[in-house]
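Observations on chain architecture
So you can see what is in the structure, the chains are spelled out below.
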Amino acid sequence: MSETKTDTKKLYIKTYGCQMNVYDSERMAEALGGSGYTEVSSPEEADMILLNTCHIREKAAEKVYSELGRYKDLKDAKPGLKIGVAGCVAQAEGEEIMRRQPMVDLVVGPQSYHKLPQLEAKAGLGVKALDTDFPEEDKFEHLKSRPKARRAPAAFLTVQEGCDKFCAFCVVPYTRGAEVSRPVTRVLSEARDLVERGVREITLLGQNVNAYHGAAEGGTWGLARLIRALAEVEGLERIRFTTSHPNDMEDDLIAAHGDCGKLMPYLHLPVQSGSDRILKAMNRKHRAEDYLRLIGRIRAARPDIALSGDFIVGFPGESDQDFEDTMALVREVGYASAFSFKYSPRPGTPAAEKGDRMVDPEVASERLHRLQALITEQQRAFQDAMVGREVSVLFEKPGRMPGQMVGKSDYLHAVHVTGAEVAVGDIRRVRIIGSGPNSLGGEIVG
Ligand code: 5AD
Ligand code: SF4
């Protein structure tokens with residue numbers, strides 16, 4: 001592929017859903033850079049619009065169709081405009097998208113991004129292009145390597161994709177396929193490359209990232225071993241990972257939270273429900289008590305760890321008591337942050353196919369409201385308790401006020417300081433002096 005940019009075409013990417021899509025969008029933009037595209041921030045300017053979609057809940061999928069509807073006028077005004085759909089909706093409903101929205105030129109599933117330049121060229125010839133295969137190869141290997149320009153100090157790095165857990169509500173095993181881990185050497189070289197470009201914090205991503213088992217010389221490595229190797233990379237100061245399943249929290253990973261200083265004290269560990277009956281129906285393969293015991297072990301290794309989670313309310317058959325069990329679990333754990341969702345039946349998943357009695361939508365809404373109120377209260381308490389404490393902050397960008405800089409604490413709080421000599425990429429000790437609606441204020445102490 002030629003590196004010379006004969007013409008500059010403009011690419012607009014809109015990303016929905018999880019951090020893995022954010023990472024994929026970056027890599028797709030880099031891949032299309034080789035075909036002469038540079039990124040722009042509005043669809044009106046674009047020669048190509050790419051929607052990187054999410055299929056996890058019905059609302060997320062429907063957004064794609066309404067967004068596409070909005071592009072009709074743009075396409076009429078500029079017939080050469082290419083419109084592509086990538087991501088999990090593309091994977092699940094590729095042909096349906098082409099049928100429902102004939103203006104879509106190309107559809108590409110999450111495992112075929114390395115073929116984007118070819119698909120784009122095909123679309124340029126007026127041929128509709130669809131690729132939703134699950135090839136054996138590592139798509140990231142075939143993507144153009146990351147250009148050497150400096151970049152923001154915190155980056156994502158996908159190390160694992162897909163999932164073999166088959167939770168009864170979840171489309172991921174169908175849209176992203178079986179669990180696949182990238183080999184250790186590739187992850188390490190991508191990390192070194194990021195660090196050379198100014199990155200100081202890496203969040204390792206995977207749908208089930210703690211099931212990571214990457215090929216290495218002499219066998220496979222689990223996530224803890226990968227983290228320990230990354231901790232040896234000079235210049236890389238902070239490591240995080242998300243998202244994890246409780247059953248894959250192995251002993252060495254728990255231990256790493258205690259003895260690996262670069263592994264940040266923040267863990268996203270979804271449990272989904274506090275009711276054993278519902279956990280069983282969800283096929284989570286553990287009880288509430290197992291989760292609580294696990295949290296106890298993680299806290300023993302790293303007492304100041306901040307926890308976050310995901311919850312689903314209104315799963316089919318969820319009784320008032322089941323929901324109260326979830327509330328009790330949340331009270332017992334005490335979360336720094338958590339996401340909660342109303343159950344959304346997804347076509348093809350066991351829970352949707354079984355057709356069990358749905359919880360009355362009003363009851364589900366009321367439960368969601370109560371759970372979110374409890375989580376917000378915990379989040380608030382956790383944030384407010386930071387006042388007076390010292391944290392380390394990685395500064396990421398200037399703030400909105402003159403002389404202000406904003407960064408992230410080790411516990412993922414946004415922290416701003418004003419009037420201090422700090423640069424993007426600096427990691428400094430900060431004493432927290434105030435707690436606002438969405439961020440903390442602090443002063444540099446070291
Ligand atoms: N309905 C509601 N929430 C869901 N999630 C996954 N599938 C569904 C669904 N069908 C939530 C889970 C998961 C998070 C990423 O999205 O809580 O952890
Ligand atoms: Fe979906 Fe996560 Fe369950 Fe895998 S572990 S099926 S990604 S909810």
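What counts and how
- Residues numbered from 1 in each chain as written.
- Chains lettered and ligands numbered in written order.
- Predicted model: local features only at pLDDT ≥ 70, side-chain atom pairs only at ≥ 80, totals over all residues.
- Heavy atoms only, no water.
- Pairing = 2+ DSSP bridges.
- Helix = DSSP H or I, 4+ residues; strand = E, 2+ residues; numbered from the N terminus.
- Axes fitted to C-alpha atoms, helices over the stretch in contact; angles between N-to-C directions.
- Domains from an automatic or database assignment.
- Contact = heavy atoms within 4.5 Å.
- Buried area = accessible area lost by both parts, 1.4 Å probe.
- Salt bridge = Lys/Arg side-chain N within 4 Å of Asp/Glu carboxyl O.
- Polar contact = N/O pair within 3.5 Å; in protein donor to acceptor, adjacent residues only side chain to side chain.
- UniProt positions renumbered as here; feature names shortened; annotations may be inferred.
- Buried < 20%, exposed > 50% of the residue type's maximum accessible area, 1.4 Å probe, protein only.
- Near = heavy atom within 4 Å.
- Areas by Shrake-Rupley, 256 points an atom, 1.4 Å probe, with all protein chains shown as cover.
- Nonpolar A, V, L, I, M, F, W, Y, C, P; charged D, E, K, R; others polar.
- Expected span 1.5 Å × (residues − 1).
- Arc of directions from axis to C-beta.
- Phe/Tyr/Trp six-rings, centres within 6.5 Å; stacked < 30°, edge-to-face > 60°.
- Lys NZ or Arg CZ within 6 Å of the ring centre and 35° of its normal.

A closer look at the sheet that holds strand β21 (residues 440–444)
- Spatially, the five strands close up into a barrel ordered β17-β18-β19-β21-β20, and their pairing is mixed. Here the average twist between neighbouring strands, direction ignored, is 55°.
- Direction of pairing for strand β17 (residues 390–398) relative to strand β20 (residues 427–435): antiparallel, over a ladder of five bridges. Residue V393 lies in a different strand from β20, and its bridge partner there is R428.

Side note on the domain arrangement of the protein chain
- The domain architecture assigned to the protein chain consists of domain 1 (9–131), domain 2 (150–264), domain 3 (300–384) and domain 4 (390–444).
- Each of domain 1 and domain 3 has a C-alpha centre, and these two points are 33 Å apart.
- Listed per partner, the contact involves five residues of domain 1 and four residues of domain 3.
- Buried area between domain 1 and domain 3, summed over both chains or domains, comes out near 420 Å², and the portion from carbon and sulfur atoms is 48%.
- When residues of domain 1 are sorted by the area they lose upon contact with domain 3, H55, R57 and E58 head the list and together hold 86% of the total.
- At the surface where domain 1 touches domain 3, the tally comes to zero salt bridges.
- Our count for the contact surface shared by domain 1 and domain 3 stands at three residue pairs in polar contact (both at pLDDT 80 or more).

Details of the environment of E44
- Turning to its location among the elements, E44 is positioned in the loop between β2 (37–39) and β3 (48–53).
- Measuring from C-alpha to C-alpha, the distance between E44 and V89 comes to 23 Å, with 45 residues separating the pair along the chain.
- Here E44 is in contact with L74 and K78, once residues within four sequence places are set aside.

What about the UniProt feature "domain: Radical SAM core" (unreviewed entry) in the protein chain?
- On the UniProt side, "domain: Radical SAM core" (unreviewed entry) is annotated at positions that read residues 149–381 here.
- Helix and strand shares over residues 149–381 are 41% and 19% respectively, and the end C-alpha atoms of the span are 40 Å apart.

Considering unusual backbone geometry
- Put simply, T242 and T243 share a cis peptide bond, and its omega is 10°.
- Position of T243 among the secondary structure elements: in the loop between β13 (238–242) and α10 (251–259).
- A positive phi is found at N283, a non-glycine position, where the angle reads about 60°.
- Within the secondary structure, N283 is located in the loop between α11 (276–281) and α12 (288–301).
- Residue N283 is classed as partly exposed on the basis of its relative accessible area of 27%.

What to know about the site of ligand 1
- The local shell around ligand 1 consists of I56, R57, F169, Q272, D310, I312, F341, K342, Y343, S344 and R346.
- The side chain of R57 places a nitrogen or oxygen atom 2.9 Å from an oxygen atom of ligand 1.
- In the model, an oxygen atom of ligand 1 is placed 2.6 Å from a nitrogen or oxygen of the D310 side chain.
- Contact with the protein chains removes 86% of the 400 Å² of surface that ligand 1 exposes when unbound.
- Residue assignment for the shell around ligand 1 shows that the elements contributing at least two residues are β15 (306–313) and β16 (337–342).
- Considering only residue class, the shell around ligand 1 consists of five nonpolar, two polar and four charged.

Comments concerning α12
- The end-to-end C-alpha separation of α12 is 20 Å, in line with the 20 Å expected for 14 residues at 1.5 Å each.
- Buried within α12 we find A288, Y291, L294, I295 and I298. The arc that holds the buried residues of α12, viewed along the axis, is 120°, so those residues lie on one side.
- On the buried face of α12, the contacting elements are α10, β14 (266–268), α11, β15 and α13 (320–333).

Structural notes on the UniProt feature "domain: TRAM" (unreviewed entry) in the protein chain
- Following the UniProt record, the feature "domain: TRAM" (unreviewed entry) maps to residues 384–446 here.
- The straight-line gap between the two end C-alpha atoms of residues 384–446 is 22 Å; of that span, 2% is helix and 54% is strand.

Quick look at the sheet that holds strand β7 (residues 154–158)
- With parallel pairing, the three strands of this open sheet are ordered in space as β7-β10-β13. The outermost strands of the open sheet, each flanked by one partner alone, are β7 and β13. Neighbour to neighbour, the strand axes of the sheet diverge by 25° on average, direction disregarded.
- Contacting β7 and β10 (201–205), helix α8 (residues 184–196) crosses the sheet at an angle of about 165° to β7.

A closer look at the packing of aromatic side chains
- Using the criterion set out here, one finds five aromatic pairs in the structure.
- Residues F166 and Y174 carry aromatic rings whose centres are separated by 5.7 Å and whose planes lie at 70° to one another, so their mutual orientation is edge-to-face.
- Overall, Y174 belongs to the partly exposed group, its relative accessible area being 37%.
- Considering the side-chain rings of F311 and Y335, the 5.5 Å spacing of their centres and the 85° angle between planes classify their relative orientation as edge-to-face. In this pair, F311 sits in strand β15 while Y335 sits in the loop between α13 and β16, placing the two residues 24 residues apart along the sequence. The exposure classification of F311 matches that of Y335, with both residues buried.
- These aromatic residues form a ring-pair network of at least three members: F169, F315 and Y343.
- One residue, R100, lies across the ring of Y65, its end atom 3.6 Å from the ring centre.

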